Amino acid sequence: EAGVAQSPRYKIIEKRQSVAFWCNPISGHATLYWYQQILGQGPKLLIQFQNNGVVDDSQLPKDRFSAERLKGVDSTLKIQPAKLEDSAVYLCASSDNGYSTNEKLFFGSGTQLSVL
Amino acid sequence: QQPVQSPQAVILREGEDAVINCSSSKALYSVHWYRQKHGEAPVFLMILLKGGEQKGHDKISASFNEKKQQSSLYLTASQLSYSGTYFCGTITDSNYQLIWGAGTKLIIKP
């Protein structure tokens, strides 16, 4: 079974530039999550999709971050403009149906973003 | 409210045992445990639901103490492959969102 795919693996940009990350979840998984993981900390949920609808985006800095999941499959997370404090690993995860919060999450390897 | 993990880091010799704790200030509904190796994706270990259950996964097991609002992860006869950072995630009775602890870094030396 193919895992959660993310790209790019690494990205270095200057502050005020824009950047986009892509995620393709496990086939058939209805729920997709984007997490931000700052070095030395646990993952912080940015946004959760159920199919192509947003379930929770309460911690997404909407003035600069946006995400979409067209057709309920793959997803893109964008930052525009980037700030120094956005330097982190951006993890994508998926789960089977998401109707239960007690589901196993499958994570991608993440995109490591460095903002200079 | 972020769960508190302890210790922050632990260094063991291969074959030694370790305990990692995860505590919450609020009543817990469930506790989720994941391991993340450096530069890799977090990998699922187990989920415990309230009710004081204990689960096992090879030589890794965990308990959930509802009264203490705490879960403990037990690693028995540790192997080199157990090295990594262990994260607990908690869901409380008042907020059905998974919140992650800061992690416990486990280093196993031969």
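Residues numbered from 1 in each chain as written. Chains lettered and ligands numbered in written order. Predicted model: local features only at pLDDT ≥ 70, side-chain atom pairs only at ≥ 80, totals over all residues. Heavy atoms only, no water.

**Some remarks on the pattern of salt bridges**
All names here are of chain A. Rules: Put simply, a salt bridge is a Lys or Arg side-chain nitrogen that is within 4 Å of an Asp or Glu carboxyl oxygen. A simple rule labels every residue: compare its accessible area, found with a 1.4 Å probe on the protein chains alone, to the largest value its type can have, and call it buried under 20%, exposed over 50%, or partly exposed in between. Under the DSSP-based scheme used, a helix requires at least four consecutive residues in state H or I and a strand at least two consecutive residues in state E, with every element numbered from the N terminus.
If you walk through the whole model with that rule in mind, you get three salt bridges over all chains. For the salt bridge of K62 with D57, the shortest nitrogen-to-oxygen distance reads 3.7 Å. Taking the relative accessible area as the measure of exposure, D57 reaches 26% and is therefore partly exposed. For R64, the salt bridge identified is with D86, shortest N-O distance 2.5 Å. Note that R64 is positioned in the loop between β6 (53–56) and β7 (65–68) and D86 in the loop between β8 (75–79) and β9 (88–95), a separation of 22 residues in sequence. Here R64 matches D86 in class, with each residue buried.

**Topic: the packing of aromatic side chains**
Under the convention used in this document: For Phe, Tyr and Trp, where Trp contributes only its six-membered ring, two rings pair if their centres lie within 6.5 Å, and the inter-plane angle classes them as stacked under 30 degrees, edge-to-face over 60, or tilted in between.
Counted by the stated rule, this structure contains nine aromatic pairs over all chains. Judged by centre distance (5.0 Å) and plane angle (25°), the ring pair of F21 of chain A and Y90 of chain A falls under stacked. Note that F21 of chain A is positioned in strand β3 (residues 19–24) and Y90 of chain A in strand β9, a separation of 69 residues in sequence. On the accessibility criterion, Y90 of chain A (0% relative accessible area) is buried. With 5.5 Å between their ring centres and 75° between their planes, Y34 of chain B and F44 of chain B make a pair best called edge-to-face.

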